[in-house]
Amino acid sequence: MKAAVYTGMPIPGQKSTTVEVRDVPEPAPKDGELLLEIEACTVCGTDLRTFRHGDPKIQAPRILGHELCARVIESRAPEANVKVGDRVAMYTVLVESADRGTERGRENLAMNRPTLSYHYDGAFARRMVVPALGVSNQCLFLVTRETLPEHLALAEPLGSCLNAHSRLRIGLNDTVVVIGAGPLGLMHACLARLQGARKVFVVDTNPVRLELAERFNIDGAILSESTASHREELRRLTEGHGADVVIVATSSSVAQNDALDIAAKAGRVSFFAELPKTAPTAALNVNHIHYKELEITGSYSEKKSDFQAAFALLHSGRFPAEKLITHRLPLEKLHDAFPLMESGEALKICITP
Ligand SMILES: [Zn+2]
């Protein structure tokens with residue numbers, strides 16, 4: 001079968017491709033495992049990063065793809081919570097044993113967290129084996145109503161957003177600003193709206209992205225310019241108070257500083273996006289934290305409970321998933337997805353193997 005395989009780190013002057021769509025042997029499940037036929041797998045920002053820069057954490061060769069919806073076509077796991085014929089979405093963090101992170105319900109922070117598409121083959125292929133750990137940890141979630149597979153594939157990225165929201169306590173009186181109008185930023189904006197936020201604004205440096213953002217139920221899409229006029233604009237829109245909640249969904253220390261600046265007194269700020277590993281430090285105006293008593297939280301991957309909540313939301317049909325999927329491509333055209341994502345033309349791209 002055809003699969004998108006990560007082939008290892010790029011080597012300057014020798015090898016620039018890190019991801020190849022090529023023929024691989026059909027996977028065969030062993031005892032305790034299941035075989036899935038993939039219906040949809042959406043492309044993640046981490047796939048793009050892996051494609052451009054490689055990722056030393058991925059054991060090559062490895063089939064990528066971790067945002068999936070599939071049908072069970074073979075079971076060698078009689079104890080599994082799903083059976084042949086069932087449609088499923090999958091939580092892809094497969095913690096091996098009880099440790100501090102798991103005991104606290106924070107699988108994402110477990111010391112040892114093997115993950116689909118890093119340590120096990122993923123879903124950019126027609127078929128994929130669910131590792132025994134995924135079965136015994138009940139990582140598969142049963143689809144019980146007619147829902148498009150590409151909508152349910154969004155449970156993984158939406159779950160990572162809900163992980164950040166689990167510490168932001170967004171409520172009816174809150175004005176929420178999301179910096180970064182990529183797919184995850186817009187998911188944050190939609191979640192804030194669903195949680196009843198009074199006003200939701202989205203900020204980005206890319207006008208193409210802001211045009212897409214206007215399709216969503218938000219109160220304003222604001223262009224961020226080097227003159228920092230967007231800070232003034234946000235102050236005006238929040239009657240001088242600033243934003244109760246600011247979510248930084250773009251990998252930029254300028255945006256992190258913007259967040260601290262535009263946060264209201266007693267505001268909550270989420271540093272949702274990481275900075276590049278090669279430049280992880282930033283000069284921040286920490287007096288904003290001091291004088292405004294800001295709460296700043298980070299967010300990494302997602303807890304199983306976040307995935308479950310995201311799955312339930314998508315399954316209910318109440319989340320505007322259809323607006324997030326802007327492109328559909330066959331597996332052979334996976335490479336076309338990356339420039340579309342970089343230009344801001346695409347939000348989520350669905351691969352149908
Ligand atoms: Zn993802």
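Residues numbered from 1 in each chain as written. Predicted model: local features only at pLDDT ≥ 70, side-chain atom pairs only at ≥ 80, totals over all residues. Heavy atoms only, no water.

Enquirer: Tell me what's going on with unusual backbone geometry, and back it up with residues and numbers.
Expert: What is expected of a backbone is that most residues other than glycine have negative phi and most peptide bonds are trans. The omega angle of the peptide bond from A60 to P61 is -5°, so this bond is cis rather than trans. If you trace the backbone, P61 turns up in the loop between α1 (45-53) and β4 (62-63). A positive phi angle is found at A228, which is not glycine, with a value near 65°. Tracing the sequence through the fold places A228 in the loop between β11 (220-223) and α8 (229-237). Residue classification places A228 among the partly exposed positions, given a relative accessible area of 27%. Despite not being glycine, S301 has its phi angle at roughly 50°, a positive value. (Helix = DSSP H or I, 4+ residues; strand = E, 2+ residues; numbered from the N terminus. Buried < 20%, exposed > 50% of the residue type's maximum accessible area, 1.4 Å probe, protein only.)

Enquirer: Please set out the coordination of the zinc ion residue by residue, giving values where relevant.
Expert: Every protein donor of the zinc ion is accounted for by C44 (SG), H66 (NE2), E67 (OE) and E156 (OE), and the metal-donor separations fall at 2.2 to 2.5 Å. Because the angles between the four donor atoms bound to the zinc ion fall within 87 to 164°, the donor set is best described as irregular. One chain supplies every donor for the zinc ion, spaced along it as C-x21-H-E-x88-E. Here the residue C44 occupies a position in the loop between β3 (34-42) and α1, and E156 occupies one in helix α5 (residues 155-165), the gap between them amounting to 112 residues. Pair check on accessibility: C44 and E156 agree, each one buried. (Donors = N, O, S within 2.8 Å, 3.2 Å for Na, K, Ca; no water. Tetrahedral: all angles 85-135°; square planar, octahedral: opposite > 155°, others 65-115°.)

Enquirer: Residue-level account of the packing of aromatic side chains, with values.
Expert: This structure, assessed with the given rule, holds four aromatic pairs. Plain terms: the ring middles of F51 and F338 are 4.2 Å apart, the flat faces sit at 15° to each other, and that makes the pair stacked. Separated by 287 residues along the polypeptide, F51 in helix α1 and F338 in helix α13 (residues 334-343) bring together distant segments of the chain. Assigned by exposure class, F51 and F338 land together as buried. Between the aromatic rings of Y91 and F307, the centroid separation amounts to 5.8 Å while the plane-to-plane angle is 55°, which identifies the pairing as tilted. A residue pair is termed long-range when its members are at least 10 positions apart, and Y91 in the loop between β6 (87-90) and α2 (100-103) and F307 in helix α11 (residues 304-316) qualify at 216 residues. With respect to class, Y91 is no different from F307; both count as buried. Ring pairs connect the aromatic residues Y91, F141, F307 and F311, which therefore count as one cluster. The ring centre of F216 lies 5.8 Å from the NZ or CZ of K323, which sits over that ring. (Phe/Tyr/Trp six-rings, centres within 6.5 Å; stacked < 30°, edge-to-face > 60°. Lys NZ or Arg CZ within 6 Å of the ring centre and 35° of its normal.)

Enquirer: Could you give an account of the domain arrangement of the chain, naming the residues involved and the relevant values?
Expert: Domain boundaries assigned for the chain yield domain 1 (2-158 + 302-352) and domain 2 (168-298). Distance from the C-alpha centre of domain 1 to the C-alpha centre of domain 2: 28 Å. Contacts between domain 1 and domain 2 engage 18 residues on the former and 17 residues on the latter. A buried area of about 1,500 Å², summed over both sides, lies between domain 1 and domain 2, and 69% of it is on carbon and sulfur atoms. (Domains from an automatic or database assignment. Contact = heavy atoms within 4.5 Å. Buried area = accessible area lost by both parts, 1.4 Å probe.)

Enquirer: Lay out the environment of L142 in plain terms, naming residues and giving numbers.
Expert: Mapped onto the secondary structure, L142 falls in strand β8 (residues 140-143). On the basis of relative accessibility, which here comes to 36%, the residue L142 falls in the partly exposed class. Distance from L142 to N81, taken between C-alpha atoms, is 8.4 Å for residues 61 residues apart in sequence. Aside from chain neighbours lying at most four places away, what touches L142 is V82, D86, R87, F311 and H315.

Enquirer: Summarise the sheet that holds strand β1 (residues 2-6); cite the residues concerned and give the values.
Expert: Picture the strands of a sheet paired through backbone hydrogen bonds; they go either parallel or antiparallel. Taken together, the three strands give an open sheet; going across it, the order is β2-β1-β4, and neighbouring strands pair in antiparallel fashion. This sheet does not close on itself; its edge strands, each paired only once, are β2 (19-23) and β4. In this sheet, β2 lies alongside β1 in antiparallel orientation, the contact comprising five bridges. Note on β2: the bridge partner recorded for A3 is R22. Across the sheet, α13 is in contact with β1 and β2; its angle to β2 comes to roughly 160°. (Pairing = 2+ DSSP bridges. Axes fitted to C-alpha atoms, helices over the stretch in contact; angles between N-to-C directions.)

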